[in-house]
Amino acid sequence: YVSLAQATRLKLVNTNRQSSDSGSRSIGVRIPDPTMKPTLLTFAAVISAAAGFTAPSSGGVRMTTAISSTVEVAAPFAKGERVIRPELPVLYVYDHCPFCVRVRLAMGVKNVKHLIHFLANDDIATPTALVGKKIAPIFALPEDDFIMMESLDIIAKVDTDERFGPTNQILPASGRTDIKAWQKSVQTLLRTLQRPRYVATGLLPEFQQLDGRHAFIKNHQLPPYEKPEWKGTDEIDGMDMDTKLKLYAEAMAADPAHMIEDLNARLVELDDMLYCEHYCSEGGFSLDDIDLWARLRSITIIAGVEWPSKLRAYMDNISALGDVPLYDEMAL
């Protein structure tokens, strides 16, 4: 299943394709279906108000667009047969968490049916009962009475267990430093844009209640603040909750135009690093994709982003492959 907006984006514009001697092609501009935006934005405004702040006015329907770029022709990942165990594995996750998305993506790529338990962001009791502390993701395998944590360890277990289909389907990480450097270069920018929007939508399962939204704001600093001054340490007191709520409200109310312009330019840089629209590194689908896509997914919660065509196709293709939806229809 893919949403109407994703289905629209996945239909490439044939009239704009042009072959070249290198075997690449150019793909035309694709615009998501905006039909659900006003309703979601209206609902999001009501929910975010309950959290102590509201999203800025969109000034009408805002859409995420894609700009054309060169796309390498390469075969997509060949998904195996559906794997349905007598007792389904269970993932305990937060929807926004990239480490949780890593495991959800891997399970989807391997076509393993599983149950997803979305934890409320303020739920300490459930993960503590499972593994002794508040953490996600957590993987439970009822048929073995087995529980584990740590995203890459979970993926390694699933991808080497014949009960979950062909083994070693996901290639190892390539060790690329260019993509890692790019991720580090946009960390502050993305925290500023993404974190207020996670709670402002009011639509993510971990933030359905005020306690969950406040728990996130309490523990996740906004730039330029660092974690010690936000949360406090044994030596210094942390920031009071009213100040944190005020800073989140101000971040959500600020005009994001200059930051989105910067982000758009950074995405063009990343587009050039991408091997093709099916995987980011030469050789096939790998842990490079598991990590990169899981982090890029949250950018789709930001309205007004212009995606280069290859990168936009990459996002849509892997969303469909891994059965993990994007946030375009609730973007603020």
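Quick note: structure is the one above.
Note that the structure is predicted; figures quoted are calculated from it, not measured.

Draft legend 1. Focus on the overall build of the chain. Summing up its helical and strand segments, the chain has 13 helices and 8 strands in all. The burial tally for the chain puts 50% of its 332 residues in the buried class. A sequence separation of at least 24 residues applies to 73% of the contacts in the chain between residues at least 6 apart. As presented, the chain carries roughly 15200 Å² of accessible surface, and 53% of it is formed by carbon and sulfur atoms.

Draft legend 2. Summary view of the nonpolar core. The biggest cluster of nonpolar side chains holds 74 residues, and the ones touching the most others in it are L263, F285, W293, L296, I299 and Y314. Examining the composition of this core, we find that 7 residues originate from one element, helix α3 (residues 98-109), more than from any other. If sequence neighbours within four positions are ignored, L296 has contacts with W182, L270, W307, L311, Y314 and M315.

Draft legend 3. Representation of the layout of surface pockets. Size it by volume and the largest pocket reaches roughly 1000 Å³. Taken together, 31 residues form the lining of the largest pocket, with P98, F99, R191, R195 and H220 sitting closest to its centre. Of all the secondary-structure elements, those providing two or more residues to the lining of the largest pocket are α3, α6 (178-185), α7 (187-201), α8 (210-219), α9 (227-231) and α12 (287-296). Considering every element that reaches the lining of the largest pocket, the biggest residue donor is α7, with 6 residues. Taken together, the residues of the lining of the largest pocket break down into 13 nonpolar, 10 polar and 8 charged.

Draft legend 4. Fine view of the side chain of D289. Here D289 is to be found in helix α12. Although buried, D289 forms no salt bridge, and the nearest oppositely charged side chain, R176, lies 7.6 Å from it. For D289, the side chain forms a polar contact with the side chain of Y314, separated by 2.7 Å. Beyond its immediate stretch of four places on either side in the chain, D289 contacts L105, Y279, C280, G284, A294, Y314 and I318.

Draft legend 5. A look at the pattern of salt bridges. This model, assessed by the stated rule, comprises 15 salt bridges. When the shortest N-O distance is used, the salt bridge between D95 and R104 registers 3.0 Å. We note that D95, like R104, is buried. A salt bridge links R266 to D262; its shortest N-O distance comes to 3.3 Å. Of this pair, R266 and D262 both sit in helix α11 (residues 257-273), separated by 4 residues, roughly a single helical turn. Connected through shared salt-bridge partners, R85, E143, D144, D161 and R163 make up one network.

Draft legend 6. Structural detail: the packing of aromatic side chains. What the rule picks out here adds up to 6 aromatic pairs. Ring geometry for Y225 and W230: centres 6.0 Å apart, planes at 55°, overall tilted. Since its relative accessible area comes to 29%, Y225 is described here as partly exposed. A relative accessible area of 0% means that W230 is categorised as buried. Over the aromatic face of F146 sits the side chain of K157, whose NZ or CZ is 4.7 Å from the ring centroid. Here the basic side chain of R312 rests over the ring of W307, its NZ or CZ set 5.4 Å away from the ring centre.

Draft legend 7. Geometry of the pairing of strand β5 (residues 115-118). Alignment of strand β4 (residues 90-93) against β5, held across 4 bridges, turns out to be parallel. Pairing of V90 across the sheet is with L115, part of β5. As a crossover connection, the stretch from β4 through α3 into β5 is right-handed.

Draft legend 8. Structural context of the packing of α6 against α11. One can describe the packing of α6 onto α11 by two numbers: an axis separation of 11 Å at closest approach and a directional angle of 170°. Relative to α11, the element α6 lies roughly antiparallel. Side by side, α6 and α11 meet where D178, I179, W182 and S185 of the first sit next to R266, L267, E269, L270 and M273 of the second. Partitioned by chemical class, the residues of the contact of α6 with α11 number 5 nonpolar, 1 polar and 3 charged.

Draft legend 9. Inspection of the sheet that holds β5 at higher detail. Ordered by their spatial adjacency, 4 strands build an open sheet running β5-β4-β6-β7, and the pairing between neighbours is mixed. Each having just a single partner strand, β5 and β7 (146-149) make up the two edges of the open sheet. Along the sheet, successive strands turn relative to each other by an average axial angle of 20°, direction set aside. As paired elements, β4 and strand β6 (residues 138-141) share 3 bridges and run antiparallel to each other. When the sheet's bridge partners are listed, Y92 is paired in β6 with I138. Packing against the sheet, α3 makes contact with β4, β5 and β6, and its axis sits at approximately 155° to β4. Sheet strands in contact with helix α5 (residues 151-159) are β6 and β7, and its direction is about 135° off that of β7.

Analysis parameters
- Residues numbered from 1 in each chain as written.
- Predicted model: local features only at pLDDT ≥ 70, side-chain atom pairs only at ≥ 80, totals over all residues.
- Heavy atoms only, no water.
- Helix = DSSP H or I, 4+ residues; strand = E, 2+ residues; numbered from the N terminus.
- Buried < 20%, exposed > 50% of the residue type's maximum accessible area, 1.4 Å probe, protein only.
- Contact = heavy atoms within 4.5 Å.
- Areas by Shrake-Rupley, 256 points an atom, 1.4 Å probe, with all protein chains shown as cover.
- Core = buried A, V, L, I, M, F, W, Y, C linked by side-chain atoms within 4.5 Å.
- 1 Å grid on protein atoms, 1.4 Å probe; cavity = no way out; pocket = protein on both sides within 12 Å on 5 of 7 lines; lining within 4 Å.
- Points joined across faces, edges and corners; volume = space filled by probe spheres on them.
- Nonpolar A, V, L, I, M, F, W, Y, C, P; charged D, E, K, R; others polar.
- Lys, Arg positive; Asp, Glu negative; His and termini not counted.
- Salt bridge = Lys/Arg side-chain N within 4 Å of Asp/Glu carboxyl O.
- Polar contact = N/O pair within 3.5 Å; in protein donor to acceptor, adjacent residues only side chain to side chain.
- Phe/Tyr/Trp six-rings, centres within 6.5 Å; stacked < 30°, edge-to-face > 60°.
- Lys NZ or Arg CZ within 6 Å of the ring centre and 35° of its normal.
- Pairing = 2+ DSSP bridges.
- Right-handed = clockwise from strand over helix to strand, strands pointing away.
- Axes fitted to C-alpha atoms, helices over the stretch in contact; angles between N-to-C directions.
- Parallel < 35°, antiparallel > 145°, perpendicular 65-115°, else oblique.

These values are about where atoms sit, not about what they do.
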